[in-house]
Amino acid sequence: MPTQTAFIIASFTAPQQIGTSPYSLLWLLPLVAAIAVVYKATKLPTITAGVFLKEVAVLFGSIIVFIAVTALVLCVLAWLIT
Amino acid sequence: MLRISKENYIPSLLIVALSGWLVPGAGHFILEEKKRAIIIFVTIVITFLTGLYVGSIGVIDPVGAWPWYLAQIMNSPAVVVIGHLTAAGTYPVYGRPNEIGQIYTSIAGLLNLLCIINAVYLAHLRRAETTGE
């Protein structure tokens, strides 16, 4: 047990290996999910599983679509300018 | 449940805010909003720990990255303890792990700030409902 505890603590003292590849942008997905969950937890008048999950999914999708559209617009602008 | 009356209005709001800062979701918990409290606690703790796991505790840097630290400290007083450990620069972290770790831990802190404000507002509404103001 002490070994396992030490291993768990040690894993928080050295950074993980994450390259600067386009795939590293996928790290935004869990963060967007966390934002959607907490925001809806504070905003819904009553929390029921079905409504909560639906609202979170809609907000999560909206944020991702907005990010994708923004990225596309920026790509087009960069292509036009350069 | 926390009883909010005219006499203990300000102390009650302070208790709610302080509880929410000490433990994410505790502000809602003492207002008997248990489902919200559990959702908030689990989500914020997982987001914060993910940031620490990816970037190590070195992402909490009160000296070299103090603007991020201001957001991170909203998670819990535990961040102050971690900041004390890392202030000497013994856990260096660079590049993408540093960015992701800082963003995750800071967003978790800002989400907790949102929850603290929401819990205080709920406490205020409870008082308005009970006193009819």
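The coordinates are above.
Reading guide: rules and limits
Residues numbered from 1 in each chain as written. Chains lettered and ligands numbered in written order. Predicted model: local features only at pLDDT ≥ 70, side-chain atom pairs only at ≥ 80, totals over all residues. Helix = DSSP H or I, 4+ residues; strand = E, 2+ residues; numbered from the N terminus. Rg over C-alpha atoms; globule rule 2.2 N^0.38 Å. Buried ≥ 20, exposed ≤ 12 C-beta atoms within 10 Å, placed from the backbone. Core = buried A, V, L, I, M, F, W, Y, C linked by C-beta atoms within 7 Å. Contact = placed C-beta atoms within 7 Å. Axes fitted to C-alpha atoms, helices over the stretch in contact; angles between N-to-C directions. Parallel < 35°, antiparallel > 145°, perpendicular 65-115°, else oblique. Left-handed = near helix turned anticlockwise from the far one by under 90°. Nonpolar A, V, L, I, M, F, W, Y, C, P; charged D, E, K, R; others polar.

Caption draft 1: The arrangement of the overall build of chain A in detail. For chain A, the helix and strand inventory stands at three helices and zero strands. In terms of C-alpha radius of gyration, chain A reaches 19 Å, well past the compact-globule figure of 12 Å for 82 residues. Along the first, second and third principal axes, the C-alpha set of chain A runs to 60 × 45 × 15 Å. Of all 82 residues assigned to chain A, the portion counted as buried reaches 11%.

Caption draft 2: Highlighting the nonpolar core. Ranked by size, the top nonpolar core spans 40 residues in total, and within it Val37(A), Val38(A), Ile40(B) and Leu111(B) carry the most contacts. Counting residues per element, this core draws most heavily on helix α6 (residues 95–131) of chain B, which supplies 10 residues. Apart from residues lying up to four places away in sequence, Ile40(B) is in contact with Val38(A), Ala41(A), Pro24(B), Gly25(B), His28(B) and Cys115(B).

Caption draft 3: Examining unusual backbone geometry more closely. Residue and element names in this part refer to chain B. Here Glu-32, not a glycine, exhibits a phi torsion of approximately 65°, which is positive. Positive phi outside glycine occurs at Ser-56, with the angle close to 75°. Structurally, Ser-56 can be placed in the loop between α3 (34–55) and α4 (66–72).

Caption draft 4: The arrangement of the packing of helix α2 (residues 28–43) of chain A against helix α3 (residues 49–81) of chain A in detail. Residue and element names in this part refer to chain A. In the contact formed by α2 and α3, the axes pass within 9 Å of each other and the chain directions differ by 135°. One finds that α2 runs oblique with respect to α3. Both α2 and α3 take part in a crossing whose hand is right-handed. Across the interface between the two elements, Val-32, Ala-33, Ala-36, Val-37, Tyr-39 and Lys-40 of α2 pack against Phe-52, Glu-55, Val-56, Leu-59, Phe-60, Ile-63 and Ile-64 of α3.

Caption draft 5: Region of the structure containing the interface of chain B and chain A. Every contact between the two is made by 27 residues of chain B and, on the other side, 20 residues of chain A. Elements with a minimum of two residues in the side of chain B that touches chain A: α3 and α6 of chain B. It is α3(B) that contributes the most residues to the side of chain B that touches chain A, 12 residues altogether. Its residues placed into classes, the side of chain B that touches chain A shows 17 nonpolar, seven polar and three charged.

Keep in mind these numbers describe shape, not what the thing actually does.
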